Amino acid sequence: MKKPTSAPRSKAPGKARRKTREELNQEARDRKRDKKHRGHAAGSRANGGEANAAGKKQGQQKDPRIGSKTPIPLGATERPVTRQHKPKSEKPMLSPQAELDLLENDERLDALLERLEEGEALSADEQSWVDAKLDRIDELMQQLGLSYDDDEDEEEEEGKEDMMRLLRGGN
């Protein structure tokens, strides 16, 4: 059961003519070409529009905030590195004997050694300082040909002589 149409279709637009494949392809090519050439030139952000401002730049002063354009070598250079002169030490160079006397009379060293003898523990910094000073005293004594074991050596030699006497017959 079909319903009859109430109004004739004469007012309706006529059937639109279909475009051929060739016309569709040409329109697509035109749209692509327009889209491809849209936008700014490549690198326009980095260059800042220099092409337009080329004439204006000559009249303007150079911006002092912009640094030097000289190239800086990033790799290892072949030129010799200049060494800085080390300032002379404030302490005058002492003879080994004078330096040894100073170290032996050092109040801080004496105080720390007394603390060690009492069984007190020292901090790491204090301990390293004491070790460095004692090592320096040993070096100086070796340079001067001194030995702090002289008293013990004499006692050992006397003890050996006594033992030899007893072994030989007690004279």
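The subject of this paragraph is the overall build of the protein chain. The helix and strand tally for the protein chain stands at 7 helices and 0 strands. The order of α-helices and β-strands along the protein chain, N terminus first, is α-α-α-α-α-α-α. Here the protein chain holds 171 residues, and the buried ones make up 5% of them. Residue pairs in contact within the protein chain that sit at least 24 positions apart in sequence constitute 40% of those at least 6 positions apart. Only carbon and sulfur atoms are counted for the fraction: they give 50% of the accessible area of the protein chain, which is about 17400 Å².

A few words now on the packing of helix α5 (residues 107–117) against helix α6 (residues 124–144). To characterise two packed helices, one gives the angle between the axes of the helices and the distance between these axes. Following both chains from N to C, one finds α5 and α6 inclined at 110°, their axes separated by 11 Å at the closest point. With respect to each other, α5 and α6 are oriented roughly perpendicular. Considering only the axes of α5 and α6, their crossing is left-handed. Here α5 contributes Arg108, Leu109, Leu112, Leu113, Arg115 and Leu116 to the contact with α6, which in turn contributes Glu126, Gln127, Trp129, Val130, Lys133, Leu134 and Ile137. Here the contact of α5 with α6 is built from residues that sort into 8 nonpolar, 1 polar and 4 charged.

As a further point, take the environment of Gln143. With respect to the helices and strands, Gln143 occurs in helix α6. For the pair formed by Gln143 and Gln97, sequence separation is 46 residues and the distance between their alpha carbons is 9.3 Å.

The biggest cluster of nonpolar side chains holds 9 residues, and these are Leu100, Leu103, Leu109, Leu112, Leu122, Val130, Ile137, Leu140 and Met141. Among the elements of the structure, α4 (96–104), α5 and α6 are those that each provide at least two residues to this core. In terms of residue count, α6 provides more of this core than any other element does, 4 residues in total.

Conventions we followed
- Residues numbered from 1 in each chain as written.
- Predicted model: local features only at pLDDT ≥ 70, side-chain atom pairs only at ≥ 80, totals over all residues.
- Heavy atoms only, no water.
- Helix = DSSP H or I, 4+ residues; strand = E, 2+ residues; numbered from the N terminus.
- Buried < 20%, exposed > 50% of the residue type's maximum accessible area, 1.4 Å probe, protein only.
- Contact = heavy atoms within 4.5 Å.
- Areas by Shrake-Rupley, 256 points an atom, 1.4 Å probe, with all protein chains shown as cover.
- Axes fitted to C-alpha atoms, helices over the stretch in contact; angles between N-to-C directions.
- Parallel < 35°, antiparallel > 145°, perpendicular 65-115°, else oblique.
- Left-handed = near helix turned anticlockwise from the far one by under 90°.
- Nonpolar A, V, L, I, M, F, W, Y, C, P; charged D, E, K, R; others polar.
- Core = buried A, V, L, I, M, F, W, Y, C linked by side-chain atoms within 4.5 Å.

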